[in-house]
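Here is what each chain is made of, one letter per residue.
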Amino acid sequence: MKAMKRVLALVLAGVLCLAFAACDTSAKNERAADQSSVEASNNSETADAAEAKPTNGKLVMATNASFPPYEYYENEKIVGIDAEVAELIAEKLGMELEIKDMEFGSIIGAVQTGSVDMGMAGMTVTEDRLVTVDFSDTYATAVQVIIVKEGSEIISVDDLEGKKIGVQENTTGDIYASDGFGEENIKRYSKGNDAVAALSAGIIDAVIIDNEPAKSYVKANEGLVILESTYADEEYAIAVSKDNTELKENINKALGELKADGTLDSIIKKYIPED
Ligand code: ARG
């Protein structure tokens, strides 16, 4: 089956987009829109590097805070693995962390134009994103999974053919699904929970999303299950401007320390208890 073969190719490649020149239209639009600033930065690297550096001792992070356990609201505060790790990175850099919540699809652009210093949002490193931004070392791994209603006739990836699939807009789930099953079968939502609500309401047949948020959405909504057959392996990292290698290096150094002394592990374990 064609779709299945593609899915396998993606799984084998580990990261998305390696095998496909034209991945998704949204990423293409993002690239097109950002093209002018890429050119500008190529022409005046030194000036831009100075400008893109964080100022006022603030480390401004862009995220999309509807993605538990990585980032979500608790008592009007953004908490989660990313928020905690970012806080410690900022501390190590002697800076104060400020988190800006935005649409997931706006994060890369915000990093690229320098309106934020970094993007941390359970964001998967992909070839396509690497065209416009740099990524830190990875700090977590993930898998794309499929959520369906209990008792659904969909029991594996292959059964998704011709079904209505919900995704969070501009995520890798969106790209995989549109590429594998056709634009006409994809419904895009601004948040993962909105896709899951649509699934519960019977508007769509399945949701493709990262495993940990999937677990948390399924826990919060009765009558949903995660299929055993997974979709693709991914790695999360922090996006930084290509003009700010100094920040990237500092982030990597901080991340390295957090990995070496077990802090990163214990933060992840705190939010993702082993079952
Ligand atoms: N890992 C997926 C991606 O990079 C989904 C990330 C969604 N993150 C979020 N905070 N909403 O596309």
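Report follows, based on the coordinates.

About the criteria used
- Residues numbered from 1 in each chain as written.
- Predicted model: local features only at pLDDT ≥ 70, side-chain atom pairs only at ≥ 80, totals over all residues.
- Heavy atoms only, no water.
- Near = heavy atom within 4 Å.
- Polar contact = N/O pair within 3.5 Å; in protein donor to acceptor, adjacent residues only side chain to side chain.
- 1 Å grid on protein atoms, 1.4 Å probe; cavity = no way out; pocket = protein on both sides within 12 Å on 5 of 7 lines; lining within 4 Å.
- Sits in = over half its atoms within 2 Å of the grid points.
- Nonpolar A, V, L, I, M, F, W, Y, C, P; charged D, E, K, R; others polar.
- Points joined across faces, edges and corners; volume = space filled by probe spheres on them.
- Helix = DSSP H or I, 4+ residues; strand = E, 2+ residues; numbered from the N terminus.
- Core = buried A, V, L, I, M, F, W, Y, C linked by side-chain atoms within 4.5 Å.
- Buried < 20%, exposed > 50% of the residue type's maximum accessible area, 1.4 Å probe, protein only.
- Contact = heavy atoms within 4.5 Å.
- Lys, Arg positive; Asp, Glu negative; His and termini not counted.
- Salt bridge = Lys/Arg side-chain N within 4 Å of Asp/Glu carboxyl O.
- Pairing = 2+ DSSP bridges.
- Right-handed = clockwise from strand over helix to strand, strands pointing away.

## Quick word on the site of the ligand
The local shell around the ligand holds 15 residues, among which Ala-121, Thr-124, Arg-129, Thr-172 and Asp-210 are the closest. One of the side-chain nitrogen or oxygen atoms of Thr-124 is found 2.7 Å away from a nitrogen atom of the ligand. The backbone of Thr-172 places a nitrogen or oxygen atom 2.8 Å from an oxygen atom of the ligand. Comparing atom positions with the cavity grids shows the ligand to sit within the second largest cavity. The class makeup of the residues in the shell around the ligand is five nonpolar, six polar and four charged.

## What to know about the layout of surface pockets
In this structure, the second largest pocket encloses a volume near 290 Å³. Residue lining of the second largest pocket: twelve residues in total, with Lys-215, Ser-216, Lys-219, Tyr-271 and Pro-273 positioned closest to the centre. The dominant element in the lining of the second largest pocket, judged by the number of residues it contributes, is helix H9 (residues 211-220), at five residues. Residue classes in the lining of the second largest pocket are distributed as seven nonpolar, one polar and four charged.

## Section: the nonpolar core
Counting residues in each nonpolar core, the largest one holds 44 residues, and the members touching the most others are Val-85, Ile-89, Met-118 and Ile-147. The contacts of Val-85, once residues within four sequence positions are left out, are Met-120, Leu-255, Leu-258, Leu-264 and Ile-267.

## Comments concerning the side chain of Asp-117
Note that Asp-117 resides in the loop between helix H5 (107-113) and strand S5 (118-119). An unpaired buried charge is present at Asp-117: no salt bridge exists, and Lys-100, the closest side chain of opposite charge, is 8.7 Å distant.

## What to know about unusual backbone geometry
Excluding glycine, a negative phi dihedral is what most residues carry, and trans is how most peptide bonds are arranged. Of the consecutive residues Pro-68 and Pro-69, the connecting peptide bond is found in the cis state with omega at 5 degrees. The residue Pro-69 is located in the loop between strand S1 (58-63) and strand S2 (72-74) in this model. You will see that Asn-75, though not glycine, has its phi angle at about 50 degrees, which is positive. When you line up the elements, Asn-75 lands in the loop between S2 and strand S3 (77-79). The phi dihedral of Asn-170 is positive, around 70 degrees, even though this residue is not glycine. With respect to the helices, strands and loops of the structure, Asn-170 is situated in the loop between strand S7 (165-168) and helix H7 (172-181).

## Looking at the pairing of S7
Residue alternation in S7 divides its side chains into two sets, Ile-165 and Val-167 and Gly-166 and Gln-168, and both sets are buried. Relative to strand S8 (residues 186-189), S7 is paired through four bridges, and the arrangement is parallel. Bridge pairing links Gln-168 to Tyr-189 in S8. For the handedness criterion, the β-α-β arrangement of S7, H7 and S8 is classed as right-handed. Of the strand pairs in this sheet, S7 and strand S9 (residues 206-210) are connected by two bridges, and their pairing is parallel.

## Topic: the pattern of salt bridges
Per the stated rule, a full pass over the model turns up eleven salt bridges. Asp-134 is the partner of Lys-248 in a salt bridge, and the nearest nitrogen-oxygen pair spans 3.4 Å. Of this pair, Lys-248 sits in helix H10 (residues 245-260) while Asp-134 sits in strand S6 (residues 134-149); the two residues are 114 residues apart in sequence, bridging distant segments of the chain. For Asp-134, a relative accessible area of 14% gives the class buried. Put simply, Asp-174 and Arg-188 hold a salt bridge, and the shortest N to O gap is 2.8 Å. Here the residue Asp-174 occupies a position in helix H7, and Arg-188 occupies one in strand S8, the gap between them amounting to 14 residues. Salt bridges linked by common partners bring Lys-92, Lys-253 and Glu-257 together as one network.

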